[in-house]
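Chain by chain, the residues run as shown.
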Amino acid sequence: MLLTRGLEERLEILLKQGHLVGSIYRSLGQEATAVGSAFALGAGDWLAPSIRDMGALLVRGLDVRDVLRQYTARGTSLCAGKDNTNHFTVPELGLLGPISPLGTQLCVLNGVALAFQQRRQSCVCMTYQGEGASRTSASHEGFALAAALGLPIVVWLEHNRWAFGTPSSRESAVGDWLDAAAMYGVPAQSVDGNDVVAVYAAARTAVDRARTGGGMTILVAETYRMLGHAQHDAQKYVLEAELEQWRARDPIDRCVAVLSHMGASGAELDGIRRTVAAELDQAVDEVLAEPPPLADDARTRVYASANLDAAVPWTRGPVPGYGGIAPHVRLRT
Ligand SMILES: Cc1ncc(C[n+]2csc(CCOP(=O)(O)OP(=O)(O)O)c2C)c(N)n1
């Protein structure tokens, strides 16, 4: 959680210094949901984060330098400078890049989960949606299909009270977002999203259920978006008193309190903070020294096969095995 927060703080500084080409969407106050949940996954599982789930990427093993390269659009970045947030897929880490039209990501991850189910692989998928995203038609389709097919998937509904400037009370007629989750006929549970241990425990139960054929679980993380939607949003529509209430529930402070109660010394905790800061300082220095993309990088890392040539026209042809009846779009190589 400290690594997540420290990394995002550095990104904010880099933005103000002019090193970022886009914006940054902080997960301040929501770190426990991303981190605790991802810890419940194992090797071979897949995770599709939302923009607020930096912590989940780091737990899955993404190098902080890869995050910095991405936001500073380095030629060395996962998208070779073509994306400036986290829209990348890393198969080796089981990471499926977020998809910008809200709600659609669940439908795509359903495809991954369906493949696991059909191949009888005991792997699990996990994804996240803001409560705003969960009001889209694509999201409803995704939930309905995953529930009907009993797909091995865990979905976090991150109830952080805001979708851009719209309060969650204006996004839905339900008062309790657990009701919205429960309507799909699958197990649903409300979780204190600012309590990393509670998040992990709920995720673990849901992941185990999915892995053993029990199908989808929806987990509602009760949390709060402590900053504006992105850097350009000063969050003027939020009452200071409300922010104050949630500041008192800061997930890192709460975790520190638990660790102290369990016997961790102040020196130990300071040591963790220093290690994290040193790692981030070094990563920033390294990445800023790396080169920008070359013009040719615009053509790389877009398609799965490096041999595809965008100059060759797309054509329609018969699908093998369907008697040549069904049309199919494919690339003539
Ligand atoms: C279908 C669609 N509509 C609108 C947008 C623009 N948009 C991007 S993020 C966002 C707010 C999302 O709110 P929520 O899902 O609650 O997630 P949060 O930002 O609170 O984490 C909006 C409106 C979009 N990307 N896709």
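Relevant structure appears above.
Report follows, based on the coordinates.

Rules of the game
Along each chain, residue indices are assigned from 1 in the same order as the chain's sequence is written. The predicted nature of this model means local features are confined to residues of pLDDT at least 70 and side-chain atom pairs, given and counted, to a pLDDT of 80 or more, with totals for whole chains, interfaces and linings taken over all residues. Note that water and hydrogens are dropped before the side-chain values are worked out from all heavy atoms of the structure. Axis geometry follows a simple rule: fit a line to the C-alpha atoms, using only the stretch in contact for helices, then measure angles between N-to-C directions, giving values from 0 to 180 degrees. What counts as a helix is a DSSP run of H or I of at least four residues, what counts as a strand is a run of E of at least two, and both are numbered from the N terminus. Just so you know how the angles are binned, under 35 degrees is roughly parallel, over 145 roughly antiparallel, 65 to 115 roughly perpendicular, and the rest oblique. The sense of a crossing depends on the near helix, which, turned anticlockwise from the far helix by less than a right angle, makes the crossing left-handed and, turned clockwise, makes it right-handed. Contacts were defined at the residue level, with two residues in contact if any of their heavy atoms lie within 4.5 Å. Within 6.5 Å between ring centres, the rings of Phe, Tyr and Trp (the latter by its six-membered ring) count as paired, and their orientation is classed by plane angle as stacked under 30 degrees, edge-to-face over 60, tilted in between. Classification of residues uses two cut-offs on accessible area relative to the type maximum, computed with a 1.4 Å probe and protein chains only: under 20% is buried, over 50% is exposed, and between them is partly exposed. For salt bridges, the criterion is a side-chain nitrogen of Lys or Arg within 4 Å of an Asp or Glu carboxyl oxygen. Strand pairing is assigned whenever DSSP detects at least two bridges linking the two strands. Convention used here: a crossover is right-handed provided that the path from the first strand, over the helix, to the second strand proceeds clockwise when the strands point away from the viewer.

Structural notes on the packing of helix α2 (residues 31–38) against helix α8 (residues 196–211)
Relative placement of two packed helices is described by the angle separating their axes and the distance separating the axes.
Piece 1. Here α2 crosses α8 at 40°, and the two axes come no closer than 8 Å. Accordingly, the angle class assigned to the pair α2 and α8 is oblique. Every pair of crossing elements has a handedness; the one defined by α2 and α8 is right-handed. Note on element contacts: α8 touches α2 through Val196, Val199, Tyr200 and Ala203, opposite Ala32, Thr33, Val35, Gly36 and Ser37.

A look at the side chain of Gln105
Piece 1. Structurally, Gln105 can be placed in helix α5 (residues 104–118).
Piece 2. Not counting chain neighbours up to four residues away, the residues in contact with Gln105 comprise Ala48, Pro49, Ser50, Gly97, Pro98, Ile99, Thr127 and Tyr128.

Considerations on the packing of aromatic side chains
Piece 1. The full count for this structure, using the stated rule, is 3 aromatic pairs.
Piece 2. Aromatic side chains Phe143 and Tyr184 sit 4.7 Å apart centroid to centroid with 25° between the ring planes, which places their arrangement in the stacked category. Of the two residues, Phe143 sits in helix α6 (residues 137–149) while Tyr184 sits in the loop between α7 (177–182) and β6 (188–192), which places them 41 residues apart along the sequence. Both residues of the pair, Phe143 and Tyr184, belong to the buried class.

Points about the pattern of salt bridges
Piece 1. One pass over the full model with this rule turns up 18 salt bridges.
Piece 2. A salt bridge links Arg225 to Asp233; its shortest N-O distance comes to 3.8 Å.
Piece 3. A relative accessible area of 1% places Arg225 in the buried class.
Piece 4. Each of Glu8, Glu12, Lys16 and Arg26 takes part in one network of salt bridges that share partners.

Quick look at the pairing of strand β7 (residues 217–222)
Piece 1. In terms of burial, β7 is a largely internal element, 6 of the 6 residues being buried.
Piece 2. With burial as the criterion, each face of β7 is covered, one bearing Thr217, Leu219 and Ala221 and the other bearing Ile218, Val220 and Glu222.
Piece 3. Bridge count for β6 against β7 is 5 bridges, and the pairing is parallel. Along β7, the bridge assignment pairs Ser190 with Val220.
Piece 4. The β-α-β motif built from β6, the intervening α8 and the parallel element β7 has right-handed crossover chirality.

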